[in-house]
Amino acid sequence: MKLDRYLAQLYAGAVGLSLSCLVMLVVAAQFLEGASSFNTIEDGAGSALELSLLVGLEYGFQILPVAVFLGVLVAGTVLARRGELLAMQAGGVSTFRQALPMGVVVIAIAAGAAWGGDNWMPSALERAETIRLEKLKKPSALHRFFSRRAHWFRHDELMLHLPLMDSTDGGFRSPSIYRVRAGEIIEVMTARTLKFDS
C-alpha cells in the first residue's frame, strides 16, 4: 500500500510539474508578445494577472494530455535514476503492479478535467473574452476575429457570427450578422448585443 501511494504521489507530482512548466511557457510567450496592450488601461497589472490566470487555465486544459505523457517519462526517469525501478523488479513487483497507481492517477486527472471542463471552463473563457473586448479594446476587428474561435450559425438567409454568450441574460455579445443571397453578401450588421425573444 505504501508503494502504491509513493508511486501515485511521484507520478502526480511529475504531471503537475510538467503541466505547470508547459503552461507558464505558453502564457509567458503570449504575454510578452502583447505586453504593450496593457500599458493603455488603468488597471493594467491586475487585468494582466487575471487574464494570464484565465488563459493559463484554458491552455492547461488543452495541454493536459501532453503533461500526462511527460509525467510518465519524468516519473520513470526519476525511479530509474534512483535505482528504485530496479529494486522493485528485483523484489518481485510486476510491471503491471508498478503501473497500476499511475493508471489510477490518470483516471482521477481525466475525471477532474472532464468535470472542470464542464463547470469552470465556460465561465473562464467568457471572463477572458470580456477582458479582451472591454479592457484591452483590441485595435483591429480583424485581429479579434482571427484570435478567437469562430462560432457561426445559419438561420435561413442569415449567417450569424456569435463569439460570446452572455450568461446573465442569455443573449450574445459582439455579434455580426450577414444576409446572404445566391452566395453573395447583401447586408452586414454588427451590434453590441443580440437578444432573442420568443
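Bear in mind the structure is a predicted one, so any value in this text is a computation, not a measurement.

Caption draft 1: Geometry of unusual backbone geometry. One non-glycine residue, aspartate 156, adopts positive backbone phi at about 55°. Within the secondary structure layout, aspartate 156 lies in the loop between strand E1 (152-155) and strand E2 (158-161). Here alanine 182, not a glycine, exhibits a phi torsion of approximately 55°, which is positive. Following the sequence through the fold, alanine 182 ends up in the loop between strand E5 (176-181) and strand E6 (184-190). On the basis of relative accessible area, alanine 182 is assigned to the exposed category, the value being 82%.

Caption draft 2: Molecular detail of the pairing of E1. When E1 meets E2, the two strands line up antiparallel, connected through four bridges. Note that in E2 the partner of histidine 155 across the bridge is leucine 158. A loop of two residues connects E1 with E2, the two strands running antiparallel in sequence, and aspartate 156 in this loop sits at a positive phi of about 55°.

Caption draft 3: Representation of a nonpolar patch on the surface in the model. A cluster of nonpolar residues, Leu57, Trp115 and Trp120, forms a patch on the protein surface that exposes about 360 Å² of accessible area. Among the secondary structure elements, tryptophan 120 is positioned in the loop between helix H4 (95-119) and helix H5 (121-136).

Caption draft 4: A look at the pattern of salt bridges. One pass over the full model with this rule turns up five salt bridges. Aspartate 4 is the salt-bridge partner of arginine 97, the closest N and O atoms lying 3.1 Å from each other. Residue arginine 97 is found in helix H4, and its partner aspartate 4 is found in helix H1 (residues 2-33); the two are separated by 93 residues along the sequence. Among the ionic pairs, arginine 179 bridges to glutamate 157, the shortest N-O distance being 3.0 Å. Taken together, the positions of arginine 179 in strand E5 and glutamate 157 in the loop between E1 and E2 put the pair 22 residues apart, joining distant regions of the chain. Residue glutamate 157 is classed as partly exposed on the basis of its relative accessible area of 24%. Each of the salt bridges in this network shares a partner with another, and the network as a whole consists of Glu157, Arg179, Arg181 and Glu187.

Definitions and limits used
- Residues numbered from 1 in each chain as written.
- Predicted model: local features only at pLDDT ≥ 70, side-chain atom pairs only at ≥ 80, totals over all residues.
- Heavy atoms only, no water.
- Helix = DSSP H or I, 4+ residues; strand = E, 2+ residues; numbered from the N terminus.
- Buried < 20%, exposed > 50% of the residue type's maximum accessible area, 1.4 Å probe, protein only.
- Pairing = 2+ DSSP bridges.
- Patch = residues over 30% accessible without salt bridge, like charges linked within 9 Å, V, L, I, M, F, W, Y side chains within 5 Å.
- Areas by Shrake-Rupley, 256 points an atom, 1.4 Å probe, with all protein chains shown as cover.
- Salt bridge = Lys/Arg side-chain N within 4 Å of Asp/Glu carboxyl O.

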